[in-house]
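# A closer look at the structure
Next come the chains, spelled out residue by residue.
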Amino acid sequence: MVHPHPEASGSDEFKGFNEARRIMWCHEARTRVYERFKQTTFIGDTNVAAVHVDNTSRADRVFLVAFDKVGQQVGVDTLYIDEPNQRLDIAPEFDHDFTGMAVVPDSQLDQALSRENGWVVNLKVVREYEPLADRRATQRAVFLAHLQDMMKNGEVRGFLFGRGESDDNDAA
């Protein structure tokens, strides 16, 4: 018997699995943005407050334009995409709208936003990002999402949260 793809079934049978997959996709997007920005000089340049990511003009590269706090252009860079997992699609947690970053009206940054050919990264948030803490939080969230399915299917009947006898810091 062939079992349809979980999303194709339209049921809630795999609700936890689908939630876990969404959580992982978001984590991968955050990690990818962080790793790709580490390849630029923008992370270390405290004069750079925001970066416009033009991810629509070309499929093989991403054009980056850096802006200072008043929205004036202070630099450019290009990141080449050799593999599909290098794309810089939107990571909402770093997006200027999601983070509430102020954009000076009529600035060069404001003009870049009006062209609607990409998204703007709040570099302050990227600089504060802690990959290890995010990985651990993601592991816990994925486990809890799967736990919902396991309890529904009777694979788990009870569990304890907290520290047991193990001292493993990476336990979910």
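I will try to describe carefully the structure that is included in this document. Every value quoted in this text rests on a predicted model; they were computed, and no experiment measured them. (Residues numbered from 1 in each chain as written. Predicted model: local features only at pLDDT ≥ 70, side-chain atom pairs only at ≥ 80, totals over all residues. Heavy atoms only, no water.)

This paragraph deals with the overall build of the chain. Looking only at helices and strands, the chain features 6 helices and 4 strands. If you list the helices and strands of the chain from N to C, you get α-α-β-β-β-α-α-β-α-α. Buried positions account for 33% of the 172 residues belonging to the chain. A separation threshold of at least 6 residues defines the contact pool for the chain, and within that pool the share at least 24 residues apart is 63%. (Helix = DSSP H or I, 4+ residues; strand = E, 2+ residues; numbered from the N terminus. Buried < 20%, exposed > 50% of the residue type's maximum accessible area, 1.4 Å probe, protein only. Contact = heavy atoms within 4.5 Å.)

Before going further, it helps to examine the layout of surface pockets. The space that makes up the second largest pocket amounts to roughly 170 Å³. Around the second largest pocket, the lining is made up of 17 residues, and of these Ala 49, Ala 50, Asp 68, Lys 69 and Met 101 lie nearest the centre. Class assignment for the residues of the lining of the second largest pocket results in 9 nonpolar, 4 polar and 4 charged. (1 Å grid on protein atoms, 1.4 Å probe; cavity = no way out; pocket = protein on both sides within 12 Å on 5 of 7 lines; lining within 4 Å. Points joined across faces, edges and corners; volume = space filled by probe spheres on them. Nonpolar A, V, L, I, M, F, W, Y, C, P; charged D, E, K, R; others polar.)

Turning our eyes to something else, we now look at the pairing of strand β3 (residues 73-80). Examined bridge by bridge, strand β2 (residues 61-67) and β3 share 7 bridges and lie antiparallel to one another. Among the inter-strand pairings, Val 62 is bridged to a residue of β3, identified as Leu 79. Where β2 folds back onto β3 in an antiparallel hairpin, the turn is made up of 5 residues, including Gly 71, whose phi is positive at roughly 85°. (Pairing = 2+ DSSP bridges.)

Turning next to the sheet that holds strand β1 (residues 50-54). On the basis of which strands lie adjacent, the open sheet formed by 4 strands has the order β3-β2-β1-β4 and antiparallel pairing. Unpaired on one side and paired on the other, β3 and β4 (119-122) mark the two borders of the sheet. In this sheet, adjacent strand axes meet at a mean angle of 25° when their direction is disregarded. With 4 bridges joining them, β1 and β4 adopt antiparallel strand pairing. Paired with Ala 50 across the strands is Asn 122, a residue of β4. (Axes fitted to C-alpha atoms, helices over the stretch in contact; angles between N-to-C directions.)

This next bit is on the pattern of salt bridges. Enumeration according to the criterion identifies 8 salt bridges in this entry. In this structure, the salt-bridge partner of Glu 19 is Arg 22, at a minimum N-O distance of 2.6 Å. Placement of both Glu 19 and Arg 22 in helix α2 (residues 15-38) is noted, with a separation of 3 residues, approximately one turn of the helix. Among the salt bridges present, the one from Glu 93 reaches Arg 30, with a minimum N-O distance of 3.0 Å. With a gap of 63 residues between them, Glu 93 in the loop between β3 and α3 (96-99) and Arg 30 in helix α2 connect regions that are remote in the sequence. (Salt bridge = Lys/Arg side-chain N within 4 Å of Asp/Glu carboxyl O.)

Membership of the largest hydrophobic core comes to 21 residues, with the highest contact counts inside it found for Phe 37 and Leu 64. Elements represented by at least two residues in this core include exactly α2, β1, β2, β4 and α5 (123-128). By residue number, the principal contributor to this core is α2, which donates 4 residues. (Core = buried A, V, L, I, M, F, W, Y, C linked by side-chain atoms within 4.5 Å.)

Look at Asp 106: it is not a glycine, yet its phi comes out positive at around 65°. Checked against the element boundaries, Asp 106 lands in the loop between α3 and α4 (108-114). The phi angle at Glu 116 is positive, at roughly 55°, despite the residue not being glycine. Mapped onto the elements of the fold, Glu 116 is located in the loop between α4 and β4. Given the relative accessible area of 71%, Glu 116 is considered exposed.

The next thing to look at is the side chain of His 27. Along the chain, the position of His 27 falls in helix α2. Setting aside its immediate chain neighbours within four residues, His 27 contacts Tyr 129, Asp 134, Arg 135 and Thr 138.

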